Structure formats: structure tokens, C-alpha cells
Amino acid sequence: MTQGTDLLTGSGTPEPRLTAELLLCHAVRCERTYLYAHPERELREVEWIHYGRWLHERMQGKPLQYITKKQEFYGRPFAVSPDVLIPRPETELLIETVVKRRPDAGTIVDVGTGSGAIAITLALELGVSVMATDISSAALRVAGANAVFLQARVGFVAADLLTPIADASIEVVVSNPPYVSLTDRESMQREVRDWEPHLALFAGPDGLDIYRRLFPEAWRVLKPGGLLALELGCGLADSASAFAADWQNVEIAADLAGIPRVLSCEKPS
Ligand SMILES: C[S@@+](CC[C@H](N)C(=O)[O-])C[C@H]1O[C@@H](n2cnc3c(N)ncnc32)[C@H](O)[C@@H]1O
């Protein structure tokens, strides 16, 4: 483990010791506590090979979650691949917002579901069936497998935003859409820019392309009084609030870092 930590430190990888431990656990297929309980345990040849390869991949910048193929979200394990965004802890605020404002929602649509983290979590937390769309068929395959594994009732549709929904029949539209501006592309974290799907990240020159389309689309499909809940990109709260001018009961919730992170609003009754 010291060897792995040293290699990762030398390449400037953040949290080198923890990363070396997690990669070693992945190679040995064990929990971290096992590593500490069995310091005498020698690695088998195949475990060395895997560990070495994964250390190398991490040193090249590949996110740990794409190596271990998993990420926890809202206390549940989600499979991830480079076809989907790695679910972020701040997105849990979107779940809390919907659960707080619409605990009895019967019809929920998650737009841009990626790994299915939002749709699956809401389906399980609220005990309902949820519909989820994504423009990426590859992402929907990952989300579908997660829904089966976690036994969540989610119907997945390959679609542009909410196009398959014909009428105002939905109670909640929820989304963590792409919101990075193309102008921020060069300055963003290399690990994100070079490894996560661009379809999941970028939304035009100002980062607002999807919000601009999603507000009117959500208005079209929501019942009167229906809730729209959206994750906000850093610095986009004012622009997104402007799109919500005709909506009512607009609320903005800040994440643990104090950044305005979730906008929720209701279509007037
Ligand atoms: C920021 S990721 C969010 C993924 C997941 N919901 C999460 O929070 O971890 C945005 C997702 O929106 C999808 N997407 C991008 N444009 C879309 C569109 N026009 N219609 C539907 N989905 C879209 C991307 O493929 C990606 O999976």
C-alpha cells in the first residue's frame, strides 16, 4: 500500500493514501477494515496485476469511480461507467427537496437520468413508480441495470427532455441537467472534462441551453400546481430564477458549501 501511495503522491493524485487503499480493496475484493485486520496478507499475482493497472489508470486521471465502477448515492450503491456522470453528493439536495415538497407525488419524471440516481432514489424513497428520460441510450442501459439491482420501479425512455409526454399529466419534473458553459471548458477540473460524458456536462455558450428549454417543456407537461425541481450550476441561480418568473412559490436551497444548488417552483394552479 505504501508503494501505491507513493506512486499516487508522485503523480499529484489527490488523497493518495485513501485512493491506494480503495484500489487495493477493489483488487482484493474486500472492505477497508479487512486491510487493517490482515496486514500480513500477501497479494496474489492476479491481484497485483489488477492493482498495478488501476494505479496506473488513476495516475492518468481516470476517476476512481470509473475504475471501481461504483458510487454511493443517498446511501445506495450505483454502478457507473464512463457513459454516465458520476452522481455527486450535492445532488442529494434535489432528492430532499422533492421528498419535502411532494411526499405524496404519484407521477414523477426525471429528465437526463444518467446512472438513474435521482429516479431510482425517488422511486425507493417515495414508494412510487417514476419515469426517466435521457438522450443517451448508453446511459439508459446503465440506469436500467441499476433499477433492476436496486429493485426500483422506473420506466426509462430514450428521449429529448420531455418530448414523449403529450399532455399536462405530471405532478413532479425533476432534473440535474447539463449546465457547464462551453467557455468554462478549459478552466474546469481536468479529471471531469477529460473523462465524464460531454453530453452530461455542457449546455451551450452560457450553460443555460437546457434550462432555457426545460422550463417551458416542464410547464407544458405539469398539472396545475405541479413541482419543477432543478439542480443549479455554480453562479447560475439568478439566470435560472429569471426563467421561473411566471412560476409560483419559488425556493432556492443552498448546499453544504453555501452554494445555491436547487431551484424548485410550482406551476400556478
Ligand atoms: C448532469 S447529467 C445528470 C445525470 C444524473 N441525473 C445525475 O444527477 O447524476 C445530465 C444528463 O442529461 C442527459 N441529457 C443531456 N441532454 C439531454 C436532453 N436534451 N434530453 C434528455 N437528456 C439529456 C445526459 O445524457 C446526462 O445523462
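Residues numbered from 1 in each chain as written. Predicted model: local features only at pLDDT ≥ 70, side-chain atom pairs only at ≥ 80, totals over all residues. Heavy atoms only, no water.

Turning next to the state of the cysteines. Scanning the entire structure with this criterion turns up 0 disulfides. In this structure Cys 30 is a free cysteine whose sulfur lies 4.2 Å from that of Cys 25, the closest cysteine sulfur available. By relative accessible area, Cys 30 is classed as buried at 17%. Cys 265 carries a free sulfur, and the closest cysteine sulfur to it, the one in Cys 234, is 20 Å from it. (Disulfide = S-S within 2.5 Å. Buried < 20%, exposed > 50% of the residue type's maximum accessible area, 1.4 Å probe, protein only.)

The next thing to look at is the sheet that holds strand β9 (residues 260-266). Either a parallel or an antiparallel arrangement is found when strands of a sheet pair, and the pairing is made through backbone hydrogen bonds. Pairing within the open sheet is mixed, and its 7 strands lie in the order β5-β4-β3-β6-β7-β9-β8. What marks the edges here is a single partner per strand, and that holds for β5 (154-158) and β8 (248-254). Between one strand axis and the next, the sheet turns through 15 degrees on average, direction left out of account. Note: strand β3 (residues 108-111) against strand β6 (residues 170-175), 4 bridges, orientation parallel. What sits directly across from Val 111, in β6, is Ser 175. The sheet contacts of helix α6 (residues 92-101) involve β6, β7 (222-231), β8 and β9, and relative to β9 the element is tilted by about 30 degrees. Of the strands in this sheet, β3, β6, β7 and β9 are in contact with helix α11 (residues 209-221), which crosses β7 at around 155 degrees. (Pairing = 2+ DSSP bridges. Helix = DSSP H or I, 4+ residues; strand = E, 2+ residues; numbered from the N terminus. Axes fitted to C-alpha atoms, helices over the stretch in contact; angles between N-to-C directions. Contact = heavy atoms within 4.5 Å.)

So, on to the site of the ligand. Near the ligand there are 19 residues, and of these Gly 112, Asp 134, Asp 160, Leu 161 and Asn 176 occur at the shortest range. The contact in question runs from an oxygen atom of the ligand to an N or O atom on the side chain of Asp 134, over 2.6 Å. A distance of 2.8 Å is found between an oxygen atom of the ligand and a side-chain nitrogen or oxygen belonging to Asn 176. When the ligand sits alone it has 590 Å² of accessible area, and the protein chains cover 95% of it. Of the residues assigned to the shell around the ligand, the class counts are 10 nonpolar, 6 polar and 3 charged. (Near = heavy atom within 4 Å. Polar contact = N/O pair within 3.5 Å; in protein donor to acceptor, adjacent residues only side chain to side chain. Areas by Shrake-Rupley, 256 points an atom, 1.4 Å probe, with all protein chains shown as cover. Nonpolar A, V, L, I, M, F, W, Y, C, P; charged D, E, K, R; others polar.)

In many reports, interface size means the accessible area that the parts give up when they come together. Taken domain by domain, the protein chain holds domain 1 (2-60) and domain 2 (82-266). Placing a centre on the C-alpha atoms of domain 1 and another on those of domain 2 gives a separation of 35 Å. (Domains from an automatic or database assignment.)

The next thing to look at is unusual backbone geometry. For Lys 69, which is not a glycine, the phi torsion comes out positive at approximately 65 degrees. Secondary-structure assignment places Lys 69 in the loop between α5 (64-68) and β1 (70-73). A residue is classified by how much of its surface remains accessible, and Lys 69, at 54% relative accessible area, is exposed. One non-glycine residue, Asn 249, adopts positive backbone phi at about 50 degrees. Structurally, the position occupied by Asn 249 is in strand β8.

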